[in-house]
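A closer look at the structure
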Amino acid sequence: MAATAALAEAGLAVTLLEWRPYLGGRAYSYEHPTIGEVIDSQHVILGCCTNVIDLITLAGAGDWLRWYDALTFLEPGGRASVLQPSVLPAPLHQTMSFLRAPMLSARDKVGIARGLMEFLRGYPADDTESFATWLKRTGQTERAVRHFWEPVVVGALNDGFERCSVKYAGKVFHESFLRSAEAGRLGIPARPLSEFFAPVAAWAESKGAEVRLKTKVDALRSDGDGGWCVRLGNGEQIRMRAVLLATDQRVAVRLMDGFKAEAAVEREVAAEVVPAPITTVHLWYDREVTALDHAVLLDTRIQWMFQKSKIRRWAAERGTYLELVISASSAELGMGREAILAAALEELPLFFPEVREARLVKSSVLKEARATFSVVPGFDRWRAEQRTESKGLYVAGDWTRTEWPSTMEGAVRSGRLAAGEVVGDRGRFMSAELPASGLMRWLGR
Ligand SMILES: Cc1cc2nc3c(=O)[nH]c(=O)nc-3n(C[C@H](O)[C@H](O)[C@H](O)COP(=O)(O)OP(=O)(O)OC[C@H]3O[C@@H](n4cnc5c(N)ncnc54)[C@H](O)[C@@H]3O)c2cc1C
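Looking at the nonpolar core
In terms of nonpolar packing, the biggest core is built from 67 residues, with Phe131, Trp149, Phe173 and Leu245 touching the most fellow members. In this structure Leu245 touches Leu220, Ala252, Leu255, Met256, Leu393, Tyr394, Val395 and Ala396, once residues within four positions along its chain are discounted.

Written out as structure tokens, the structure reads:
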């Protein structure tokens, strides 16, 4: 969608072919067939996701992003630690709330501060060290790991420390806690995801792009004349001057099979991609059970609670809609939905005792086996450039080379970079990075 919007605005005739009946790819929502609700797996962004923000804003839907400066960490029993910016300049803006946070002891905080100092100037360009090694090297306490490093890293990178490189973990901490208050604020789509992204497609269409849903690309071949022939699932053939494959890496590899050297290279890329699952539990209650819009839950399987009825500004009569997110949920992949639901319902009252009085009206469990890929140490060398060896053939997707982990920002960047390659000006459609603020203007890179 990002590439389509960029190229259509640049005046090219673009056709977007999407297999599914809705847009958004993995960032999708759908009408649940039996419970009569539109559900999605809650996606969030940070203020530093400048390309997603720009894309949504260009499409006129910027108001559908709800922004939060404070992050509440809840311990079982309900004790809250709130991390939020103060008037102090970056990188000290979170310091006051950090010093007050009861979830960490003074010793934990000293270790965390020492660790964060390593990311003050940025993060390593090399991605070979694992975050597990880094935690040991910087002498983090057990509770600092459990109450600070783990919720942030597992929440943002969706895998355990062994399978996250310091490069990408460092990027998350640099942007969320050090660079500026604006870079670290949390943005939550306030509409179901396919609805949230629909204006992007509408905007591209208004610039002349054609968007075709339920249109599967089955095969691709060079027409021998510098162009491409795309065969669709219904047998139709379309001729194109250039093709940009913005599918996941497996489909891209399959469609490119048979072309020159890059097919072999891409096959290796696909083999190196480690998929990571996310499971979400959706609960509808007859009354409010917490005043919080969202919270990080500590010492539990559930990493995050989103109160979607509040984020979406539902009228009180509609009741309460909570989503519980279990990141890196390999264990849940092998569990039945009933068991996952039962476990979540057992943990929830530890954080929100009002749940005991409320009536659970309906529920649903959504498992996404290939939600993201893991930024395992050394993965960067497998990430493909958006321009391929074959003239007029480009790839995009969060798995390509973007310097971002598996995120919507990574996906949008990849689309915009690929669109830039199509017009021969790689950086043309990219948004500017947020400037560092406060002391970070001198301290940061
Ligand atoms: C549960 C979950 C939670 C997540 N949470 C977050 C989050 O909080 N923040 C965040 O930034 N990211 C999050 N992500 C990751 C984010 O959704 C992805 O990184 C992003 O959507 C990847 O976009 P993409 O365009 O690279 O790939 P995709 O979204 O996978 O898009 C590929 C598209 O290609 C289409 N396609 C495939 N084959 C064909 C074919 N043969 N013909 C035509 N079309 C085809 C697919 O239907 C799909 O629409 C989450 C993902 C999941 C699943």
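Here's the deal with the environment of Ala344
The residue Ala344 is located in helix H14 (residues 337–351) in this model. Spatially, the C-alpha atoms of Ala344 and Met117 are 36 Å apart, while their sequence positions differ by 227 residues.

Re the pattern of salt bridges
As enumerated under the stated definition, the model contains 31 salt bridges in all. Linking Arg146 and Asp299 is a salt bridge whose minimum nitrogen-to-oxygen distance equals 2.8 Å. Within this pair, whereas Arg146 is found in helix H6 (residues 142–157), its partner Asp299 is found in the loop between strand E15 (294–297) and strand E16 (304–307), the two being separated by 153 residues in sequence. Since its relative accessible area comes to 39%, Asp299 is described here as partly exposed. In this structure, the salt-bridge partner of Glu421 is Arg387, at a minimum N-O distance of 3.1 Å.

Things to note about the side chain of Thr290
Mapping Thr290 onto the fold places it in the loop between strand E14 (275–285) and E15. A distance of 3.0 Å separates a polar side-chain atom of Thr290 from the backbone nitrogen of Leu292. In contact with Thr290, not counting residues within four places along its chain, are Met305, Gln307, Lys310 and Phe352.

Describing the environment of Leu232
As for its placement among the helices and strands, Leu232 is situated in strand E11 (residues 228–232). The class for Leu232 is buried, based on a relative accessible area of 2%. Considered as a pair, Leu232 and Asp218 are 14 residues apart in the sequence and their alpha carbons are 5.2 Å apart. Every residue in contact with Leu232, bar those within four places of it in the chain, is listed here: Leu17, Arg212, Thr215, Lys216, Val217, Asp218 and Ile238.

Quick notes on the site of the ligand
The immediate surroundings of the ligand are formed by 27 residues, with Glu18, Arg26, His43, Asp398 and Met408 found nearest. Between Arg26 and the ligand, the recorded distance is 2.7 Å, taken from a backbone N or O atom to an oxygen atom. Relative to its unbound accessible area of 1000 Å², the ligand is 89% covered by the protein chains. Looking at which element gives the most residues to the shell around the ligand, the answer is strand E18 (residues 360–373), with 3 residues.

Things to note about the pairing of strand E7 (residues 80–83)
Here E7 shows one buried face, formed by Ser81 and Leu83, and one open face, formed by Ala80 and Val82. As defined by bridge partners, strand E6 (residues 71–74) adjoins E7 across 4 bridges and the pair is classed as antiparallel. From the neighbouring strand, Thr72 faces E7, where its bridge partner is Val82. Following E6, the chain reverses through 5 residues before pairing antiparallel with E7; Gly77 in that reversal takes a positive phi of roughly 105 degrees.

Focus on the packing of aromatic side chains
Aromatic ring pairs are defined here through the distance separating the ring centres and the angle between the ring planes. Under the definition given, this model contains 20 aromatic pairs. Here the aromatic rings of Phe173 and Phe177 are separated by 5.9 Å at their centres, their planes lie at 20 degrees, and the arrangement is stacked. Separated by 4 residues within a single helix, Phe173 and Phe177 lie in helix H7 (residues 166–179), roughly one turn from each other. Aromatic rings pair up to connect Phe98, Phe119, Phe131, Trp134, Phe148, Trp149, Phe161, Phe173 and Phe177 into one cluster. Sitting above the plane of the Trp314 ring, Arg318 keeps its charged end 3.8 Å from the centroid. One residue, Lys362, lies across the ring of Trp284, its end atom 5.9 Å from the ring centre.

Some words on the sheet that holds strand E4 (residues 45–46)
Taken in spatial order, the 3 strands of this open sheet run E4-E8-E5, and their pairing is antiparallel. Strands at the two margins of the open sheet, each flanked by one partner only, are E4 and strand E5 (65–68). Pairing analysis gives 4 bridges linking E5 to strand E8 (residues 186–189), with the strands arranged antiparallel. Counterpart to Tyr68 in the pairing with E8 is Leu186.

Here we look at the domain arrangement of the protein
When its domains are assigned, the protein resolves into domain 1 (2–63 + 189–273 + 378–422), domain 2 (70–184) and domain 3 (275–373). Measuring from the centre of the C-alpha atoms in domain 1 to the corresponding centre in domain 2 gives 32 Å. Listed per partner, the contact involves 10 residues of domain 1 and 11 residues of domain 2. Both faces considered, domain 1 and domain 2 share a buried interface measuring about 890 Å² in area, 51% of it formed by carbon and sulfur atoms. When residues of domain 1 are sorted by the area they lose upon contact with domain 2, Asp380, Glu403 and Pro405 head the list and together hold 43% of the total. Our count for the domain 1 to domain 2 interface comes out at 2 salt bridges. Note that Lys167 is salt-bridged to Asp380, the shortest N-O span being 2.5 Å. Counting every contact that joins domain 1 to domain 2 gives 10 residue pairs in polar contact (both at pLDDT 80 or more). Of the residues contributing to the side of domain 1 that touches domain 2, the split by class is 5 nonpolar, 2 polar and 3 charged.

As for the sheet that holds strand E10 (residues 217–222)
What the 3 strands build is an open sheet, ordered E10-E11-E12; its pairing is antiparallel. A single partner strand is all that each edge strand has here, and the edge strands are E10 and strand E12 (237–240). Across this sheet, the average inter-strand angle for adjacent strands is 25 degrees, counted without regard to direction. Judged from the 5 bridges that link them, E10 and E11 form a sheet pairing that is antiparallel. Across the sheet, Ser222 pairs through a bridge with Trp228, a residue of E11.

Here is what the cut-offs are and how they apply
- Residues numbered from 1 in each chain as written.
- Predicted model: local features only at pLDDT ≥ 70, side-chain atom pairs only at ≥ 80, totals over all residues.
- Heavy atoms only, no water.
- Core = buried A, V, L, I, M, F, W, Y, C linked by side-chain atoms within 4.5 Å.
- Buried < 20%, exposed > 50% of the residue type's maximum accessible area, 1.4 Å probe, protein only.
- Contact = heavy atoms within 4.5 Å.
- Helix = DSSP H or I, 4+ residues; strand = E, 2+ residues; numbered from the N terminus.
- Salt bridge = Lys/Arg side-chain N within 4 Å of Asp/Glu carboxyl O.
- Polar contact = N/O pair within 3.5 Å; in protein donor to acceptor, adjacent residues only side chain to side chain.
- Near = heavy atom within 4 Å.
- Areas by Shrake-Rupley, 256 points an atom, 1.4 Å probe, with all protein chains shown as cover.
- Pairing = 2+ DSSP bridges.
- Phe/Tyr/Trp six-rings, centres within 6.5 Å; stacked < 30°, edge-to-face > 60°.
- Lys NZ or Arg CZ within 6 Å of the ring centre and 35° of its normal.
- Domains from an automatic or database assignment.
- Buried area = accessible area lost by both parts, 1.4 Å probe.
- Nonpolar A, V, L, I, M, F, W, Y, C, P; charged D, E, K, R; others polar.
- Axes fitted to C-alpha atoms, helices over the stretch in contact; angles between N-to-C directions.

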